Amino acid sequence: MTTIVRPRRPRGVLAHRLAPALLLLPAVLLVVIALGYPLVRQVIMSFQEFGLAQQFGQPPAWVGLANYTKILSDPYFWTVLGRSVLFCVWTAGWTMGIGLAFALMMRAASRVGRTFMSVSLVIVWAMPLLAALTVWQWLVDPNFGLVNHVLTGIGLDGFEGFSWLADSPWTFFLIASIVIIWVSTPLVTITIFASLTQVDESLIEASQLDGATYLSRLRFVILPIILPVVMLMGVLQVIWDLRVFTHIHVLQASGGVTTQTNLLGTYVFQVGISQGDYGVASALAMVILLLTLIMTAAYIRMLFTQEDPA
């Protein structure tokens, strides 16, 4: 009788296959502990009546979908939602356009110019957000701000003492959009410039020999190659701008206007912290999470379906 001896799998091969999972395990556990509990707690609270009384020990009452019904039946929520979507699309669009233009300028600049632009962008990107917001509040100060001083200096007397953050929601969102664009452009520029360095120069030289203009080379050679990176950065920028909070909250505190300038992030803060209705605030946060997941799904799909230009 013949005995069949199966070859043993070398221990080194098994360890080699398990090594990536073991290396990722600490990070995964940290993320689950740090984010898992707050997320589960938020989901539970969105189905409860959780206010100030519950903060002092009173058991929360289960209300089912009442919090979500209250949100969806509130006209102000739809106003804030539409305002937030329009604001993030406007801001993300300008951020991507300016970032792409700067990246193309860096590609065409000399080494000295490229280094100067890179250092300037890194300084802007590394500047603490609250410090940057303070500078912008000084610039648009009604009485001593540089913006009003320049405008009145060229004869626009209507801007004397004009409050950009309080007199009109339109000017408030204009300043907020400029601040977010100013803060976000460096990362977009550096990322797109990195993709531009991967464009094969022989393709550009061939198009030049064929008589293609700069705009033609940009449209038919350069942009198709870097399009996956541009699209991915655009989706991420929309996600970030949809959830913006700190910029709006700080500018609201400076201007003293909240109801007419609320976006989704500040609306959740107002309902939860200012009004003490944590149940409705949790439901609002879940709605924002759903919108973010929809955008993230598009991002992940684009990430896995993008084609290699090579």
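Rules used in this analysis
Residues numbered from 1 in each chain as written. Predicted model: local features only at pLDDT ≥ 70, side-chain atom pairs only at ≥ 80, totals over all residues. Heavy atoms only, no water. Helix = DSSP H or I, 4+ residues; strand = E, 2+ residues; numbered from the N terminus. Rg over C-alpha atoms; globule rule 2.2 N^0.38 Å. Buried < 20%, exposed > 50% of the residue type's maximum accessible area, 1.4 Å probe, protein only. Contact = heavy atoms within 4.5 Å. Lys, Arg positive; Asp, Glu negative; His and termini not counted. Charge placed at Lys NZ, Arg CZ, Asp CG, Glu CD. Core = buried A, V, L, I, M, F, W, Y, C linked by side-chain atoms within 4.5 Å. Salt bridge = Lys/Arg side-chain N within 4 Å of Asp/Glu carboxyl O.

## Observations concerning the overall build of the protein chain
Item 1. Per the secondary structure count, the protein chain includes 13 helices and 2 strands.
Item 2. In terms of overall dimensions, the protein chain is more spread out than a globule: its C-alpha atoms have a radius of gyration of 26 Å, far above the 19 Å expected for 310 residues.
Item 3. Along the first, second and third principal axes, the C-alpha set of the protein chain runs to 100 × 70 × 30 Å.
Item 4. A buried classification covers 35% of the 310 residues belonging to the protein chain.
Item 5. Long-range pairs, those at least 24 residues apart, make up 67% of the contacts in the protein chain with a sequence separation of at least 6.
Item 6. Separation of charge centres in the protein chain, based on 15 positive and 14 negative side chains, amounts to 22 Å.

## A word on the nonpolar core
A general tendency of soluble globular proteins is for nonpolar side chains to be buried together.
Item 1. Membership of the largest hydrophobic core comes to 20 residues, with the highest contact counts inside it found for I71, F77, L264, Y267, V268, V271 and L284.
Item 2. Residue contributions to this core peak at 7 residues, all from helix α13 (residues 278–305).

## With respect to the pattern of salt bridges
Item 1. Under the criterion given, the structure shown has 1 salt bridge.
Item 2. D277 is the partner of K70 in a salt bridge, and the nearest nitrogen-oxygen pair spans 3.6 Å. A residue pair is termed long-range when its members are at least 10 positions apart, and K70 in helix α3 (residues 66–72) and D277 in the loop between α12 (264–274) and α13 qualify at 207 residues.
Item 3. Its relative accessible area of 48% is what places K70 among the partly exposed residues.
Item 4. For D277, a relative accessible area of 21% puts it in the partly exposed group.

## Looking at the environment of I98
Item 1. Relative to the helices and strands, I98 resides in helix α4 (residues 75–108).
Item 2. Assessed through its relative accessible area of 26%, I98 is described here as partly exposed.
Item 3. Here the alpha-carbon distance between I98 and G272, two residues 174 residues apart in the chain, equals 36 Å.
Item 4. For I98, the residues in contact, after removing those within four places along its chain, are I181 and T185.

Function cannot be inferred from these measures alone, as they are strictly geometric.
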